Amino acid sequence: MPADLLEHALAAKGFMPPEEGALLFRHALQRLPHGPVLEVGTYCGKSAVYLGAAAREAGEPGAVVFTVDHHRGSEENQAGWEHHDTTLVDPDLGRIDTLPFFRRTIAAAGLEEHVVAVVGRSGTVSAHWRTPLSLLFIDGGHGEQPAREDFAGWAPWVAYDGLLVVHDVFPDPADGGRPPYELIYLPALASGAFEEVEALGSMRVLRRVRGEAGDALG
Ligand code: SAH
Ligand code: MG
């Protein structure tokens, strides 16, 4: 990870430990020559800096990262929940808006040419998506419905030999919520389309070993 961009990643608000960010950088750098990367769950752009750093380092005009978020926060970001941050609330609307924070993070890091924000609900965007992905990073809503939608809507777009990276995977319920583990990680393996290649913290890296982008899994 280039030192100048690591500084920006560390400074950004968000939920990405540096070792797991470094994992994103390393895999994205290796995969970007084969097609775009897509992230679900932008928040304020912390993980997008690690991915965007890989796009910059890849040094190819087509090396780009799409990052999808409605920017209204997940359940656990809402007022009264564990991960609520009052500074993210738009005072006029009284609702969370992380988009301006993302914009500042990416501009300050000099990554506007490499990281493209897609603003909308994940399921709405995936329903219209048709582009094979070299790497898909799922770090969006952790409720049952968003997890199901992210898996069903995005995982089929991972190209053969491409990677599906999932955050907040907790095999032990004592460590965290169930949906990323039960509704994304386990079904991906059970489909036979993916095999695990690496685990670090709550990150799991799976490789597509069966089917092409756009094919049904399993
Ligand atoms: N990757 C970020 C953290 C993402 S937090 C980092 O590195 O810090 C999860 C994000 O997913 C939140 O910003 C929330 O708005 C978004 N999200 C949750 N459910 C969503 C959905 N159904 N569609 C789009 N975005 C969603
Ligand atoms: Mg996460």
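Conventions and cut-offs
Residues numbered from 1 in each chain as written. Chains lettered and ligands numbered in written order. Predicted model: local features only at pLDDT ≥ 70, side-chain atom pairs only at ≥ 80, totals over all residues. Heavy atoms only, no water. Donors = N, O, S within 2.8 Å, 3.2 Å for Na, K, Ca; no water. Helix = DSSP H or I, 4+ residues; strand = E, 2+ residues; numbered from the N terminus. Buried < 20%, exposed > 50% of the residue type's maximum accessible area, 1.4 Å probe, protein only. Salt bridge = Lys/Arg side-chain N within 4 Å of Asp/Glu carboxyl O. Axes fitted to C-alpha atoms, helices over the stretch in contact; angles between N-to-C directions. Left-handed = near helix turned anticlockwise from the far one by under 90°. Contact = heavy atoms within 4.5 Å. Nonpolar A, V, L, I, M, F, W, Y, C, P; charged D, E, K, R; others polar. Near = heavy atom within 4 Å. Polar contact = N/O pair within 3.5 Å; in protein donor to acceptor, adjacent residues only side chain to side chain. Areas by Shrake-Rupley, 256 points an atom, 1.4 Å probe, with all protein chains shown as cover. Expected span 1.5 Å × (residues − 1). Phe/Tyr/Trp six-rings, centres within 6.5 Å; stacked < 30°, edge-to-face > 60°. Lys NZ or Arg CZ within 6 Å of the ring centre and 35° of its normal.

Chemist: How would you summarise the coordination of the magnesium ion (ligand 2) if you had to cite specific residues and measurements?
Modeler: Those protein atoms acting as donors to the magnesium ion (ligand 2) are Asp 139 (OD), His 167 (ND1) and Asp 168 (OD), and they sit at 2.1 to 2.2 Å. Within one chain, the residues donating to the magnesium ion (ligand 2) are spaced in sequence as D-x27-H-D. Placement of Asp 139 in the loop between β6 (133-138) and α6 (144-154) and of His 167 in the loop between β7 (158-166) and α7 (179-190) is noted, with a sequence separation of 28 residues between them. The exposure classification of Asp 139 matches that of His 167, with both residues buried.

Chemist: So what's going on with the pattern of salt bridges? Which residues, and what values?
Modeler: Tallied over the full model, the rule gives eight salt bridges. Measuring nitrogen to oxygen at the nearest pair gives 2.8 Å for the salt bridge that ties Lys 13 to Asp 85. Of this pair, Lys 13 sits in the loop between α1 (3-11) and α2 (18-31) while Asp 85 sits in the loop between β2 (65-69) and β3 (89-90), and the two are 72 residues apart along the sequence. The partner of Glu 182 in a salt bridge is Arg 178, and the shortest N-O contact between them spans 3.5 Å. Accessibility expressed as a relative area gives 40% for Glu 182, which makes it partly exposed. Judged by relative accessible area, Arg 178 falls into the partly exposed class, the value being 22%. When salt bridges with common partners are traced through the structure, they connect Asp 4, Arg 56 and Glu 57 into a single cluster.

Chemist: Would you mind going over the packing of α2 against helix α3 (residues 46-58) in detail, with residue names and values included?
Modeler: In a pair of packed helices, the angle between the axes and the distance between the axes together describe the arrangement. In the contact formed by α2 and α3, the axes pass within 8 Å of each other and the chain directions differ by 30°. Read as a crossing pair, α2 and α3 show a hand that is right-handed. Between α2 and α3, the contacting residues are Pro 18, Gly 21, Ala 22, Leu 24, Phe 25, Ala 28 and Leu 29 on the first element and Ser 47, Tyr 50, Leu 51, Ala 53, Ala 54, Glu 57 and Ala 58 on the second. Residues of the contact of α2 with α3, tallied by class, amount to eleven nonpolar, two polar and one charged.

Chemist: Explain the site of ligand 1 to me, using residue names and the numbers behind them.
Modeler: The environment of ligand 1 is made up of 19 residues, and the closest members are Phe 15, Ser 47, Asp 69, Ser 122 and Asp 139. Residue Ser 122 places a main-chain N or O atom 2.8 Å away from a nitrogen atom belonging to ligand 1. One of the backbone nitrogen or oxygen atoms of Gly 141 is found 3.4 Å away from a nitrogen atom of ligand 1. Protein contact buries 95% of the 580 Å² of open area that ligand 1 shows by itself.

Chemist: So, α2: which residues are in play, and what are the values?
Modeler: The end-to-end C-alpha distance of α2, which contains 14 residues, comes to 20 Å, matching closely the 20 Å that a straight helix rising 1.5 Å per residue would cover. Turning to α2, its buried residues number three or more, namely Glu 20, Gly 21, Leu 23, Leu 24, Phe 25, His 27, Ala 28 and Arg 31. Here the buried face of α2 lies against β1 (37-40), α3, β6, β7, β8 (194-200) and β9 (203-208).

Chemist: Provide a residue-level description of the packing of aromatic side chains, including the pertinent values.
Modeler: Enumeration over the complete set of coordinates arrives at four aromatic pairs. Arranged with centres 5.3 Å apart and planes meeting at 75°, the rings of Phe 66 and Trp 129 form a pair that is edge-to-face. Residue Phe 66 is found in strand β2, and its partner Trp 129 is found in the loop between α5 (122-126) and β6; the two are separated by 63 residues along the sequence. Judged by relative accessible area, which is 12%, Trp 129 ranks as buried. Three or more aromatic residues link up through ring pairs in this structure, and these residues are Phe 66, Trp 129 and Trp 154. Between Arg 104 and the ring centre of Phe 101, over which it is positioned, the NZ or CZ distance is 5.2 Å.

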